[in-house]
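Descriptive analysis of the structure
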Amino acid sequence: MSKVRTKTTVAERARIIDAWEGDENGSKTLKEISEILKIKYTTVWKIIDRYKKSNSIGNKAGRGRKQTFTDREKRSIVKFVKINPRSSAVDISNATETATGKKTSPKTIRRILNSNGYKNFRAKRKPFISKTNMKKRLKFAKEHLNKDQAFWDKVLWSDESKFNIFGSDGRIKVWRKKKEALKMKNLNPTVKHGGGSAMVWGCFSSSGPGKMEFVETTMNQHVYQGIIDRNVKSSAAKLKLGRRFIFQQDKDPKHTAKSTWAFFKTQKITVLDWPPQSPDLNPIEHLWDHIEREIRKTPISNKNEVKRRLSEAWETTPPEVTTTLVNSMRSRCIAVIEAKGGPTRY
């Protein structure tokens, strides 16, 4: 015996009404319609009765599957994600079941979050910035916002960086809205020098790359002072910065040791008062990115190959690259001010 259905589509209701109203060959009885269309007799009767009264076969308002969660419960799910953006859809589903007693799937959770503007993104890797250092960054940006390009062109930018033979990206995903990538809770905080096989110190100005040196031993204040002694003044001369150039370095402890400051004073090197935790303000970070892309064009198999490619990429960096990077300083200051001292897109 054929299975008789009770639920109908709008198209099926239309066929019921067509059969009931008939054509040149006559009309069908309710029983005949039920048997032909395999739809329960009482369902056929109700559809025709409703058509007689309302002249309609469309779905009634509110018809369809009821929502699992109320609007208030949906707001609670969104609030949970705002507080815990790193939670997975499974974690949120479990927490929601505990709070509401309603069992739901991760897919439903994703749909609710997507409808509220949240998508699952990889957390951006940005250095952690304390509130105290956010204030220092903001102060620096405001004080240097209106410095002319001639000032920045006199700066000799410096930094150390490690380059991996093999490495991982350490990806973490967070729930956030489209323009919330740089909110502190949505970041993947990093610390400098996450690993690698070759460490280098380098410096540059807007006119091009200065000296670069491989660091073959543990870096301390004395090793650092030796690097400065061998490279800074000779780089300034190479780049024609003049005697009144300004040297930039970050707030690494070996850079700010008393003996290092005494060394700068003896050598009569003017040092830019740099805010802590501010790699995004330093254009050399993007120069390292440029070097990284250059050396990764083909696979690297060993440390000597890394060093050879680093030397080649550094020496052949075109002035257009360094000029563009230094010309971005005003934009970097603006970004720090807009972020109130917090992380920026740089």
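Residues numbered from 1 in each chain as written. Predicted model: local features only at pLDDT ≥ 70, side-chain atom pairs only at ≥ 80, totals over all residues. Heavy atoms only, no water.

Applied cut-off: UniProt positions are given in the numbering used here, feature names are shortened, and annotations may be inferred rather than shown by experiment.
With an unreviewed UniProt entry as reference, the chain is termed Transposable element Tcb1 transposase, source organism Folsomia candida. In UniProt, the chain has this text filed under Subcellular location (unreviewed entry): "Nucleus".

Focus: the overall build of the chain
In plain terms, the rule: Each helix corresponds to a stretch of at least 4 residues labelled H or I by DSSP, and each strand to a stretch of at least 2 residues labelled E; elements are numbered beginning at the N terminus. In this description the radius of gyration comes from C-alpha coordinates, and the expected globular size is given by 2.2 Å times residues to the power 0.38. Burial status follows relative accessibility: with a 1.4 Å probe on protein chains alone, a residue under 20% of its type maximum counts as buried, one over 50% as exposed, and anything between as partly exposed.
Scanning the chain from terminus to terminus reveals 15 helices and 9 strands. Against the 2.2 N^0.38 benchmark of 20 Å for 346 residues, the chain shows a C-alpha radius of gyration of 34 Å, more extended than a compact globule. Summarising its shape, the C-alpha atoms of the chain cover approximately 110 × 45 × 40 Å along the three principal directions. For the chain, the proportion of its 346 residues judged to be buried stands at 40%.

Describing the environment of glutamate 315
Topologically, glutamate 315 is positioned in helix α13 (residues 303-315). Between the alpha carbons of glutamate 315 and methionine 212 there is a distance of 8.8 Å; along the sequence they are 103 residues apart.

A closer look at unusual backbone geometry
Outside of glycine, negative phi angles account for most residues, and trans bonds account for most peptide bonds. A positive phi angle, close to 55 degrees, is found at asparagine 55, a residue other than glycine. Take asparagine 55: it is sitting in the loop between α3 (41-54) and α4 (71-83).

A closer look at the pairing of strand β6 (residues 198-205)
Our working definition: Criterion used throughout: strands pair if DSSP finds at least two bridges between them.
Where burial is concerned, most of β6 is hidden: 8 out of the 8 residues are buried. Burial along β6 is two-sided: Ala198, Val200, Gly202 and Phe204 and Met199, Trp201, Cys203 and Ser205, pointing in opposite directions, are all buried. Bridging between strand β3 (residues 155-163) and β6 involves 7 bridges; their strand directions are antiparallel. Within β6, the position partnered with tryptophan 157 by the bridge is phenylalanine 204. Sheet analysis places β6 next to strand β7 (residues 208-214), joined by 5 bridges and oriented antiparallel. Its bridge partner lying in β7, tryptophan 201 is registered against glutamate 213. If you look at the hairpin formed by β6 and β7, you'll find 2 residues sitting between the two strands.

Description of the sheet that holds strand β9 (residues 270-271)
The strands that make up a sheet pair up through hydrogen bonds in the backbone, lying either parallel or antiparallel. Note the following rule: The contact definition used throughout considers only heavy atoms, calling two residues in contact when any of these lie within 4.5 Å. Fitted lines through C-alpha atoms serve as axes, helices being fitted only where they are in contact, and the angles separating the N-to-C directions of these axes extend from 0 to 180 degrees.
With respect to topology, 5 strands assemble into an open sheet ordered β7-β6-β3-β8-β9, the strand pairing being mixed. Only two strands of the sheet have a single neighbouring strand rather than two, namely β7 and β9. Bridging between strand β8 (residues 246-247) and β9 involves 2 bridges; their strand directions are parallel. Of the residues in β9, the one forming a bridge with isoleucine 246 is threonine 270. α13 contacts β3, β6 and β7 of the sheet and is inclined by roughly 160 degrees relative to β7.

Regarding the UniProt feature "domain: Transposase Tc1-like" (unreviewed entry) in the chain
Following the UniProt record, the feature "domain: Transposase Tc1-like" (unreviewed entry) maps to residues 74-146 here. Annotation note: span residues 74-146, helix share 63%, strand share 12%, distance between end C-alpha atoms 47 Å.

Some words on the domain arrangement of the chain
What counts here: Bear in mind that the domain bounds are from an automatic or database domain assignment. The term buried area means the drop in 1.4 Å probe accessible area that two parts suffer when joined, counted for both and summed. Criterion for a salt bridge: a side-chain nitrogen of Lys or Arg within 4 Å of a carboxyl oxygen of Asp or Glu.
Domain boundaries in the chain define domain 1 (10-53), domain 2 (71-118) and domain 3 (131-339). Both sides together, the interface formed by domain 2 and domain 3 hides about 960 Å², and carbon and sulfur atoms give 58% of it. In terms of surface lost to domain 3, no three residues of domain 2 exceed Pro85, Arg86 and Tyr118, which account for 62% of the buried area on that side. In this assembly, domain 2 and domain 3 are joined by 0 salt bridges.

Focus on the nonpolar core
Put simply, the rule reads: Nonpolar cores are built from buried Ala, Val, Leu, Ile, Met, Phe, Trp, Tyr and Cys residues. Side-chain atoms within 4.5 Å join them into one set.
Counting residues in each nonpolar core, the largest one holds 31 residues, and the members touching the most others are Trp152, Trp157, Phe163, Phe204, Ile291, Ile295 and Leu310. Those elements that provide at least two residues to this core are α7 (131-144), α8 (149-153), β3, β6, α12 (284-295), α13, α14 (319-326) and α15 (329-338). Looking at this core element by element, the count peaks at 5 residues for α12. With residues near it in sequence (within four places) discarded, leucine 310 still touches Phe163, Ala198, Val200, Met212, Phe214, Ile291 and Ile295. In terms of nonpolar packing, the next biggest core, distinct from the first, is built from 19 residues, Leu156, Val215, Phe247 and Val271 among them.

Here's the deal with the pattern of salt bridges
According to the stated counting rule, one finds 15 salt bridges in the structure shown. The salt bridge partner of arginine 296 is glutamate 292, with a shortest N-O separation of 2.6 Å. A relative accessible area of 29% means that arginine 296 is categorised as partly exposed. Using a relative accessible area of 28% as the deciding quantity, one classes glutamate 292 as partly exposed. Within the structure, one salt-bridge network assembled from shared partners comprises Glu305, Arg308, Arg309 and Glu312.

Quick notes on the side chain of threonine 317
Using the following cut-off: Within 3.5 Å is the distance limit for a polar contact, defined as a pair of N or O atoms, with the added protein rule that one can donate a hydrogen and the other accept it, and that residues adjacent in sequence qualify only through two side-chain atoms.
Secondary-structure assignment places threonine 317 in the loop between α13 and α14. Residue class for threonine 317 comes out buried when judged on its relative accessible area of 6%. From its side chain, threonine 317 meets the backbone oxygen of tryptophan 314 in a polar contact 3.3 Å long. Beyond its immediate chain neighbours, meaning those up to four positions away, threonine 317 contacts Pro209, Leu287, His290, Ile291 and Thr322.

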